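Now for the letters of each chain:
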Amino acid sequence: MILLGVNVDHVATLRQARYRDESNTHGGFVEPDPAAMAWLAEEAGADGITMHIREDRRHVQVEDVIRYQEKRLTRLNLEISLAEEMVNLALELKPESVCLVPENRKEVTTEGGLDVVGQLERAREAVGVLSAAGIPSSMFIDPDTSQLEASAKIGAPWVELHTGSFARAWYSKNRGQPELEHLHLGMEVGTSLGLRVNAGHGINYQNIEGARSLKKVFEFNIGHSIISRSMNTGLFEAVQKMKAILNE
Ligand code: PXP
């Protein structure tokens, strides 16, 4: 069985659009609440929850993570950059795992894989510090053999293969077949190196048809599409409810 990790960052994106800097007003009522949505996802069968604390704190806040952890049912995969400040924060928050991702201030979402080859010593140090604290780390990388080998070399137990190129290519004539083959190769190389292989980014209810052929993937981490679908499926009830209260 392939496990499903649910990324709730975009619940926080929506919350920040209205309540940035206002967490103490409105009687403490802020919506939507990423922690509450994470608990709901767990009730629905999510095997894990991912939250990304960005250096610029643009969506998930430290308080969201702490509040989620108080009542979590599964496990927290905390995404952070390689910056020392972020690794120290992870040591304080003690998630069940960390996913190390590249961060570029101008990007809308994580755009490319981490260059482990080019930052070998910094990555080794981060993996070592986290592992000494009992926190396994996963390197979010493109499915390139050199990146997989570098991840194994620095002692990372897991990798997460970046599925973004495949996800974009799904809408081309060949349904992203070359990109999917690249991912298959990455999965095989990763598992043969003894790495646990996760995958994610850009996976939706359409391209999952292709992505699920990656049978040796331990867990898919999916965010945007699940949060978007929850709006589609939830809007009907939300409008009905408001109209009913309005006319009570
Ligand atoms: N995995 C990683 C490492 C990510 O950075 C992201 C996006 O934040 C995801 C998975 C989920 O991507 P999406 O929101 O496109 O499903």
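All of the points below concern the structure found in this document. (Residues numbered from 1 in each chain as written. Predicted model: local features only at pLDDT ≥ 70, side-chain atom pairs only at ≥ 80, totals over all residues. Heavy atoms only, no water.)

Let us now look at the packing of aromatic side chains. The tally for this structure, following the rule as stated, stands at one aromatic pair. Taking the centre distance of 5.9 Å and the plane angle of 65° together, the rings of Phe166 and Trp170 count as edge-to-face. Taken as a pair, Phe166 and Trp170 share a single burial class, namely buried. In this arrangement the basic side chain of Lys71 is found over the ring face of Trp39, its NZ or CZ atom lying 4.4 Å from the centre. We note Arg229 situated over the ring of Tyr205; from NZ or CZ to the ring centre the distance is 4.6 Å. (Phe/Tyr/Trp six-rings, centres within 6.5 Å; stacked < 30°, edge-to-face > 60°. Buried < 20%, exposed > 50% of the residue type's maximum accessible area, 1.4 Å probe, protein only. Lys NZ or Arg CZ within 6 Å of the ring centre and 35° of its normal.)

Near the ligand you find 15 residues, and of these Glu79, Glu160, Gly202, Gly223 and His224 are the closest. In the model, an oxygen atom of the ligand is placed 2.8 Å from a nitrogen or oxygen of the Gly202 main chain. When the free accessible area of the ligand is taken as 400 Å², the share hidden by the protein chains comes to 95%. For the shell around the ligand, the residue count by class is three nonpolar, nine polar and three charged. (Near = heavy atom within 4 Å. Polar contact = N/O pair within 3.5 Å; in protein donor to acceptor, adjacent residues only side chain to side chain. Areas by Shrake-Rupley, 256 points an atom, 1.4 Å probe, with all protein chains shown as cover. Nonpolar A, V, L, I, M, F, W, Y, C, P; charged D, E, K, R; others polar.)

Burial runs high along strand 3 (residues 76–80): five of the five residues are buried. A two-sided burial pattern is seen for strand 3, the buried positions comprising Leu76, Leu78 and Ile80 on one face and Asn77 and Glu79 on the other. In terms of strand pairing, strand 2 (residues 48–52) meets strand 3 through four bridges, oriented parallel. Its bridge partner lying in strand 3, Ile49 is registered against Leu76. Each parallel crossover has a hand, and for strand 2 linked through helix 3 (residues 62–70) to strand 3 it is right-handed. For strand 3 and strand 4 (residues 97–100), the ladder comprises four bridges, and the chain directions are parallel. (Helix = DSSP H or I, 4+ residues; strand = E, 2+ residues; numbered from the N terminus. Pairing = 2+ DSSP bridges. Right-handed = clockwise from strand over helix to strand, strands pointing away.)

Evaluated as defined, the whole model comprises ten salt bridges. Here Arg58 makes a salt bridge to Asp56, at a shortest N to O gap of 3.3 Å. A salt bridge links Glu121 to Arg124, with the nearest nitrogen and oxygen atoms 3.2 Å apart. Of this pair, Glu121 and Arg124 are both found in helix 5 (residues 120–132), three residues apart, which corresponds to roughly one turn of the helix. Taken together, the salt bridges that share partners define one network made up of Arg15, Asp33, Asp64 and Arg67. (Salt bridge = Lys/Arg side-chain N within 4 Å of Asp/Glu carboxyl O.)

Viewed as axis vectors pointing N to C, helix 4 (residues 84–93) and helix 5 meet at an angle of 15°, and their least axial separation amounts to 10 Å. Relative to helix 5, the element helix 4 lies roughly parallel. At the point where helix 4 passes helix 5, the crossing takes the right-handed sense. Residues Glu84, Val87, Ala90 and Leu91 of helix 4 form the contact with helix 5, whose participating residues are Arg122, Ala126, Val129 and Leu130. When the residues that make up the contact of helix 4 with helix 5 are grouped by side-chain class, the tally is six nonpolar, no polar and two charged. (Axes fitted to C-alpha atoms, helices over the stretch in contact; angles between N-to-C directions. Parallel < 35°, antiparallel > 145°, perpendicular 65-115°, else oblique. Left-handed = near helix turned anticlockwise from the far one by under 90°. Contact = heavy atoms within 4.5 Å.)

Any link to function would need more than the numbers given here.
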